[in-house]
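Overview (structure and organization)
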Amino acid sequence: MNILLIGSGGREHALAWAISKSKHTDSLFIAPGNAGMQECGKIVSLDIEDHAAIAEFCAEENVQFVVIGPEQPLVDGLSDVLRECGLKVFGPSQAAAQLEGSKYFTHQLCDEMNVPAAKYAKFDALAPALEYLNTQEAPIVIKADGLAAGKGVTVAETMEQADAAVRDCFDGAFGEAGASVVIEECMIGEEASLFALSDGKNVVLLPSAQDHKRAFDGDTGPNTGGMGAYSPAPVMTNEMIERARKEIIEPSIKGLADRGTPFTGVLFAGLMITAEGPKLIEYNVRFGDPECQVLMLRLQSDIVELLSACADGTLGEEQPEFDDGVALTVVMAANGYPGAYEKGTQIKGLNTIDDGNVKVFHAGTKLEGDKLVAVGGRVLNVTAKGATVQEARDRAYAAIDKIDWPEGFCRKDIAWRAIERG
């Protein structure tokens, strides 16, 4: 098949790398891509917000299959436009993508299907939100209802922080995403990520992973899009995975199908493992970033066969295989991230990394002549595999030591929970 991959981040580089190795891939086009993805296929300059232009490109280049990486095009309805043109698409419809597009939508589905999740209240105006807040205690979670590029969530340790977070939302800090606010109880436990492929009816679980959201070591600092991840997550025992499947994933897929909006694609469940068992924190309707990077490094099956089965409704026939070891990724970000950061700084030393167990996925990079420069907040994902989490981590940090980029930083404690467990 001729395949078009939509996206430009580290997640999409990992997907492009896996897709390029498939026996089913004739040509791989990537839009808009980044500097690292040129090794995987042809970078094309397409505005991913221009759905008609994407459809026209697919017709001109005889593209048969489109894989949509990021959430925004899915929430905006790109998959629907392309399907109407007769294309096969990996990614949910606009209606099903509301699982990520609206926190309140997800809570309503959880209520309907008895999926365990945080207690919550939703508000469309400041005054009633603050009035409700006065009846609660910290810690408490404030969420902009819509898409806010991973920055619309505040875990408030004090009621003053909660008050400020609610005001920020209604004052327009997150644009339309903050027009409604969801206030949730702060669940206590350990976070983990679980991914499930679905063709609208069947569910195939992928391995668990654990992300690191805070910017700095010791899980301190502001929330980010993710500063590192590893797979599998020890907290996700076989029993916990099975409970998450039966109590969270499968009822959600059934609920959407019953509504007439079946979910096809990958469902990313952010879970809190509490004393009572797994509870849903949130859903995303695409692969996690940076969790996708560790999953693709462990994947031994043909990724195109899996993604195609989701689109074709034949997922029940698939049993993906993964490496038994551990994969770990460390995000290198520009100094200042997730706040203001400098763009255009040069990165050197990637060509000195010669460990076959290490793969560097690019996120926010571009080439200026023969210079590789940083153009994003999260810039590189240094990803390694090993027989143990310690071995994978040692390989990743050894590779980072070879990268010459003084304007960047990374956390030095990725996978600390797993290592602490021994």
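The structure we're discussing is the one just above.
Position numbers for residues start from 1 in each chain and track the written sequence from start to end. The predicted origin of the model limits local features to residues at a pLDDT of at least 70 and limits the giving and counting of side-chain atom pairs to 80 or more, whereas totals for whole chains, interfaces and linings rest on all residues. Calculation of side-chain values draws on the structure's entire complement of heavy atoms; hydrogens and water are dropped beforehand.

Further remarks concern the overall build of the chain. We count a stretch as a helix when DSSP gives it H or I for four or more residues in a row; a strand needs E for two or more, and each element gets its number in order from the N terminus. Counting its regular elements, the chain contains 13 helices and 24 strands. C-alpha atoms define the radius of gyration in this analysis, and the globule rule sets the expected value at 2.2 Å times the number of residues to the power 0.38. For the chain, whose C-alpha radius of gyration is 21 Å, the value lies close to the compact-globule estimate of 22 Å for 422 residues. Dimensions along the principal axes, computed over C-alpha positions, put the chain at roughly 55 × 50 × 40 Å. Only protein chains enter the calculation, and the probe is 1.4 Å; a residue is then buried if its accessible area is under 20% of its type maximum, exposed if over 50%, and partly exposed in between. Counting across all 422 residues of the chain, residues that qualify as buried make up 58%. Accessible surface area values rest on a Shrake-Rupley calculation with a 1.4 Å probe, where residue burial reflects the displayed protein chains alone. When the accessible area of the chain is evaluated, it comes to approximately 17000 Å², of which 46% is carbon and sulfur surface. We count Lys and Arg on the positive side and Asp and Glu on the negative side, and we leave His and both chain ends out. Where a charge sits is defined by one atom per residue type, namely NZ (Lys), CZ (Arg), CG (Asp) or CD (Glu). Distance between charge centroids for the chain: 3 Å, based on 37 positive and 63 negative side chains.

Attention shifts here to the packing of aromatic side chains. The geometry of an aromatic ring pair is captured by the separation of the ring centres together with the interplanar angle, meaning the angle of the planes. Only Phe, Tyr and Trp rings are paired, with Trp represented by its six-membered ring, and only when their centres lie within 6.5 Å; those with planes under 30 degrees apart are stacked, over 60 edge-to-face, the remainder tilted. Tallying each qualifying case throughout the model produces eight aromatic pairs. Ring pairs connect the aromatic residues Phe90, Phe195, Phe268 and Phe287, which therefore count as one cluster. In this scheme, the term charge over a ring applies when either NZ of a lysine or CZ of an arginine sits within 6 Å of the ring centre and within 35 degrees of the ring normal. A cation over an aromatic ring shows up here: Lys21 above the ring of Trp17, its NZ or CZ 3.7 Å from the ring centre. One Lys or Arg, Arg259, reaches over the ring of Phe105 and ends 5.1 Å from the middle of that ring.

Following both chains from N to C, one finds helix α1 (residues 10-20) and helix α10 (residues 291-298) inclined at 15 degrees, their axes separated by 8 Å at the closest point. By the angle between their axes, α1 is roughly parallel relative to α10. α10 is crossed by α1, and the crossing has left-handed handedness. Note on element contacts: α10 touches α1 through Cys292, Gln293, Met296 and Leu297, opposite Gly10, Arg11, Ala14, Leu15, Trp17 and Ala18. Its residues assigned to classes, the contact of α1 with α10 shows seven nonpolar, two polar and one charged. Axis lines are fitted through C-alpha atoms, for helices just across the contact stretch, and the angle between N-to-C directions can take any value from 0 to 180 degrees. Any angle that is under 35 degrees is reported as roughly parallel, and any over 145 degrees as roughly antiparallel; angles of 65 to 115 degrees are reported as roughly perpendicular and all others as oblique. By definition, turning the near helix anticlockwise from the far helix through less than a right angle yields a left-handed crossing, and turning it clockwise yields a right-handed one. Note on definitions: a residue-residue contact is assigned when non-hydrogen atoms from the two residues lie within 4.5 Å. Just so you know the grouping, Ala, Val, Leu, Ile, Met, Phe, Trp, Tyr, Cys and Pro go in nonpolar, Asp, Glu, Lys and Arg go in charged, and all remaining residues, Gly too, go in polar.

Formed by 51 residues in total, the largest nonpolar core has its most connected members in Leu4, Val66, Leu99, Met236, Leu271 and Leu280. Examining the composition of this core, we find that seven residues originate from one element, helix α9 (residues 238-258), more than from any other. In this structure Leu99 touches Phe105, Thr106, Leu109, Leu256, Phe263, Leu267, Tyr283 and Val285, once residues within four positions along its chain are discounted. Grouped together as the second largest cluster of nonpolar side chains are 39 residues, Leu5, Trp17, Cys292 and Cys310 included. Buried Ala, Val, Leu, Ile, Met, Phe, Trp, Tyr and Cys residues form a nonpolar core when they are joined through side-chain atoms within 4.5 Å.

In this section: the sheet that holds strand β1 (residues 2-7). What makes two strands pair is DSSP finding at least two bridges between them. Ordered in space as β3-β2-β1-β4-β5, the five strands form an open sheet in which the pairing is parallel. Looking at which strands have only one partner, the edges of the open sheet turn out to be β3 (42-43) and β5 (88-90). Relative to β5, strand β4 (residues 65-68) is paired through three bridges, and the arrangement is parallel. Note on β5: the bridge partner recorded for Val67 is Phe90. Lying on the sheet, helix α2 (residues 51-60) is in contact with β1, β2 (27-32) and β4; it crosses β1 at an angle near 160 degrees.

Two numbers describe how helix α6 (residues 103-113) lies on α9: the axes approach to 10 Å, and their chain directions differ by 100 degrees. Between α6 and α9, the angle is such that the two are roughly perpendicular. Counting all contacts with α6, which are made through Phe105, Leu109 and Met113, the residues of α9 involved are Pro251, Ser252, Lys254, Gly255 and Leu256. Along the lines of polarity and charge, the residues of the contact of α6 with α9 split into five nonpolar, two polar and one charged.

Before going further, it helps to examine helix α8 (residues 159-170). Its 12 residues give α8 an end-to-end C-alpha distance of 17 Å, which sits within 8% of 16 Å, the value for a rise of 1.5 Å per residue. Taken together, the buried positions of α8 are Ala162, Ala165, Val166 and Cys169. Along the long axis of α8, the arc covered by the buried residues comes to 95 degrees, so they all point the same way. As for α8, its buried residues are in contact with α7 (126-133), β7 (140-144), β8 (153-156) and β9 (181-185). Phi for Gly172, located one or two positions after α8, is positive at around 95 degrees. In this scheme, a helix's expected span is set at 1.5 Å multiplied by one less than its residue total. The reported arc concerns the directions from the helix axis to the C-beta atoms and nothing else.

Before going further, it helps to spend a moment on the environment of Asp168. Here Asp168 is to be found in helix α8. Overall, Asp168 belongs to the partly exposed group, its relative accessible area being 41%. For the pair Asp168 and Leu205, spaced 37 residues apart in sequence, the C-alpha separation works out to 37 Å.

Take unusual backbone geometry next. Each neighbour pair has its own omega, and for Ser231 with Pro232 the value is 0 degrees, a cis peptide bond. With respect to the helices and strands, the residue Pro232 is situated in the loop between β15 (228-231) and α9. Between Tyr337 and the following residue, Pro338, the backbone shows a cis peptide bond with an omega angle of 10 degrees. Locating Pro338 in the fold gives a position in the loop between β18 (326-334) and β19 (346-347). Unusually for a residue other than glycine, Asn114 sits at a positive phi of about 55 degrees. Within the secondary structure, Asn114 sits in the loop between α6 and β6 (120-123). Look at Asn114 and you get exposed, because its relative accessible area is 66%. Even without glycine at this site, Ala415 takes up a positive phi of about 75 degrees.

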